[in-house]
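# Architecture at a glance
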Amino acid sequence: SLRLVQFMRERMQTTEEAQHRRVDALLWPVLEPMLKDLIRLNTERGSTPVLVYLPTVEEFSSPKHDVRRARLLASAKAAGIASIDLTPDLRAVNADSVNWMFISPNMLPIRGNSGHYTAAGNRWVANRLATHLRELPTIAAVNGLVATAARSQGNTASSASASAICRRSRSLAASSNASTTTS
């Protein structure tokens, strides 16, 4: 029976727009309560959630998912969740570098890998994400508090750790900016 279902799905070839409408009908009604639960759980644990939107290779040159992406980001904002959208960053990458960031259908012989980030793509995401995280007010405040608390306590080990964290943050920002401009 599973093979019959797979066969029917392949033969029906519904349009992408129809597939999106079906998914949206299921997704949007549960998204708001899910985001509220996420805020509640993180508040109980003393953490701050951040929604990160990772664009696909298709989103480099096509705006067809922009409306759905904007709706997701607006939902997160309405729920009080900070978000980072890497789509503008991806669209700023040189066109000849984008294909190195994603697994192509011919790269790996395993079905379903196409479109995932490569090692180079994951490094790019990590660098961009580190930069954007440092720009979020809650993260910037925590970084400042760690350094200030260590200095005010006169704890040289903590102060050294805070200094190392700050140096590492500046180093990541510099390497991220360098990789963005050279990519």
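This is a predicted model, so every value here is computed, not measured.

Scoring rules and cut-offs
- Residues numbered from 1 in each chain as written.
- Predicted model: local features only at pLDDT ≥ 70, side-chain atom pairs only at ≥ 80, totals over all residues.
- Heavy atoms only, no water.
- Helix = DSSP H or I, 4+ residues; strand = E, 2+ residues; numbered from the N terminus.
- Contact = heavy atoms within 4.5 Å.
- Areas by Shrake-Rupley, 256 points an atom, 1.4 Å probe, with all protein chains shown as cover.
- Core = buried A, V, L, I, M, F, W, Y, C linked by side-chain atoms within 4.5 Å.
- Buried < 20%, exposed > 50% of the residue type's maximum accessible area, 1.4 Å probe, protein only.
- Phe/Tyr/Trp six-rings, centres within 6.5 Å; stacked < 30°, edge-to-face > 60°.
- Lys NZ or Arg CZ within 6 Å of the ring centre and 35° of its normal.
- Salt bridge = Lys/Arg side-chain N within 4 Å of Asp/Glu carboxyl O.
- Pairing = 2+ DSSP bridges.
- Right-handed = clockwise from strand over helix to strand, strands pointing away.
- Patch = residues over 30% accessible without salt bridge, like charges linked within 9 Å, V, L, I, M, F, W, Y side chains within 5 Å.
- pLDDT = per-residue confidence, 0-100.

### Re the overall build of the protein chain
Across its full length, the protein chain holds eight helices and two strands. Pairs at least 24 apart in sequence give 63% of the contacts found in the protein chain among residues at least 6 apart. In the form shown here, the protein chain has an accessible surface area of approximately 12300 Å², with 60% of it arising from carbon and sulfur atoms.

### A short note on the nonpolar core
If you look at the biggest cluster of nonpolar residues, it comprises 11 residues: I84, L86, L90, V93, V98, M101, F102, Y117, W124, V125 and L136. Beyond its immediate sequence surroundings of up to four residues, L90 is in contact with P55, T56, E59, F60, V98, M101, F102 and W124.

### Looking at the packing of aromatic side chains
Applying the stated criterion to the full structure yields one aromatic pair. For the pair F102 and Y117, a centre-to-centre distance of 4.6 Å together with 35 degrees between the ring planes defines the contact as tilted. Remark: Y117 occurs in the loop between α5 (95-98) and α6 (119-135) and F102 occurs in the loop between α5 and α6; sequence separation between them is 15 residues. Directly above the aromatic system of Y53 lies the positively charged group of R69, at a separation of 5.9 Å from the ring centroid.

### Some points on the environment of T48
For T48, the location among the structural elements is in the loop between α2 (16-45) and β1 (50-53). Sequence separation between T48 and T138 is 90 residues, and the spatial gap between their C-alpha atoms is 8.1 Å. In this structure T48 touches N42 and T138, once residues within four positions along its chain are discounted.

### Digging into the environment of I84
Of note, I84 is situated in strand β2 (residues 82-85). Judged by its relative accessible area of 3%, I84 is buried. Spatially, the C-alpha atoms of I84 and H132 are 6.8 Å apart, while their sequence positions differ by 48 residues.

### Regarding the pattern of salt bridges
Under the criterion given, the structure shown has nine salt bridges. Here K36 and E32 are joined by a salt bridge, their closest N and O atoms 3.2 Å apart. Placement of both K36 and E32 in helix α2 is noted, with a separation of four residues, approximately one turn of the helix. One salt bridge connects E44 with R40, and the closest N-O pair in it is separated by 3.1 Å. In this pair, E44 and R40 both sit in helix α2, four residues apart, roughly one turn of the helix. The exposure class of E44 is exposed, given its relative accessible area of 56%. For R40, a relative accessible area of 41% corresponds to the partly exposed category.

### Here's the deal with the pairing of β2
In this structure, β1 lies alongside β2, joined through four bridges in parallel fashion. Pairing of Y53 across the sheet is with D85, part of β2. Between β1 and its parallel partner β2, the chain crosses via helix α3 (residues 66-78), and the hand of that crossover is right-handed.

### Re a nonpolar patch on the surface
Together, V23, L27 and V30 make up a nonpolar patch on the protein surface, roughly 220 Å² of accessible area in all. Considering the arrangement of structural elements, one finds L27 in helix α2. For L27, a relative accessible area of 30% translates into the label partly exposed.

### Comments concerning the confidence of the model for the protein chain
When pLDDT is averaged along the protein chain, the result is 79; 72% of the residues meet or exceed 70. Ranking the elements of the protein chain by mean pLDDT puts helix α8 (residues 156-182) last with 44 and helix α4 (residues 87-91) first with 97. Below a pLDDT of 50 lies the segment residues 156-183, which in the model reaches 27 contacts outside its immediate sequence neighbourhood of four places, other chains included.

### Concerning the side chain of D24
Structurally, D24 can be placed in helix α2. When its relative accessible area of 18% is taken as the criterion, D24 is described as buried.

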